[in-house]
Amino acid sequence: MGDRVAEKRGPSLRARAVAYLSRREYARTELARKLGAHTDDPAALDALLDDLEREGWLSTRRFAESLVHRRAERQGAARIVQELRQHGVDEAQIGELRNGLKATEYERALAVWSKRFGERPTDRTAYAKQARFLAARGFAHDVIHRVLGDDRDDD
């Protein structure tokens, strides 16, 4: 009887999965990658992930919405969409979320810009610096031009 207890190392695969999911949402591919290190049986892992989805523990849709909610305040649509793709979110879901992000992108970019700079650029160097800042956060170029006010009167 003592031998069987000694064979078991650490929590079961299901217990690990539930522990991960109780902390935050995961995409199916991301959770599979994390759990893959703890099993040599890919079929068992797929079956477990199917069970977790059926029981409502695992939802890539919830993961995607959670990621968008966490990132939208500071990042543009392009950067968020890229991260969703890296996590293996379905393109149809990404398309829906992208539309919502694009609708509010100007307001979000303006808030990020205001927090960092607060005043319009006075010369080309300042304009380039502010534009790079917003572009690095994934905001679209047309939005960046609107935020920075391309109607400046440079001599």
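Numbering of residues starts from 1 in each chain and follows the order in which that chain's sequence is written. The predicted origin of the model limits local features to residues at a pLDDT of at least 70 and limits the giving and counting of side-chain atom pairs to 80 or more, whereas totals for whole chains, interfaces and linings rest on all residues. Only hydrogens and water are set aside when side-chain values are computed; all heavy atoms of the structure are taken into account.

So, the packing of aromatic side chains
No. 1: Note on ring pairs: Phe, Tyr and Trp rings are taken, using the six-membered ring of Trp, and paired if centres are within 6.5 Å. Classes follow the plane angle, with under 30 degrees stacked, over 60 edge-to-face and the rest tilted. If you walk through the whole model with that rule in mind, you get two aromatic pairs.
No. 2: Ring centres of Phe117 and Phe133 lie 5.2 Å apart, and the angle between their planes is 90°; this geometry places the pair in the edge-to-face category. With Phe117 in the loop between helix H7 (91-116) and helix H8 (124-136) and Phe133 in helix H8, the pair connects residues that are 16 residues apart, well separated along the chain.
No. 3: Classification of Phe117 as partly exposed rests on a relative accessible area of 23%.
No. 4: Taking the relative accessible area as the measure of exposure, Phe133 reaches 12% and is therefore buried.
No. 5: Placement of a charge over a ring requires the Lys NZ or Arg CZ to be within 6 Å of the ring centre, with the centre-to-atom vector within 35 degrees of the ring normal. The aromatic ring of Tyr106 is capped on one face by Arg146, whose charged end is 4.0 Å from the ring centroid. Helix and strand assignments come from DSSP, with helices taken as H or I runs of at least 4 residues and strands as E runs of at least 2, each series counted from the N terminus. Only protein chains enter the calculation, and the probe is 1.4 Å; a residue is then buried if its accessible area is under 20% of its type maximum, exposed if over 50%, and partly exposed in between.

Some remarks on the side chain of Glu83
No. 1: Checked against the element boundaries, Glu83 lands in helix H6 (residues 77-86).
No. 2: Among the residues examined, Glu83 registers a relative accessible area of 15% and is labelled buried.
No. 3: Here, two residues are considered to be in contact whenever any of their heavy atoms come within 4.5 Å of each other. Apart from the residues lying within four places of it in its own chain, the contact partners of Glu83 are Leu67, Arg71 and Gln75.

Description of the UniProt feature "domain: RecX third three-helical" (unreviewed entry) in the chain
No. 1: Mapped onto this numbering, the UniProt entry gives "domain: RecX third three-helical" (unreviewed entry) at residues 105-148.
No. 2: Taken end to end, residues 105-148 is 75% helix and 0% strand, and its two terminal C-alpha atoms sit 14 Å from one another. UniProt positions are given in the numbering used here, feature names are shortened, and annotations may be inferred rather than shown by experiment.

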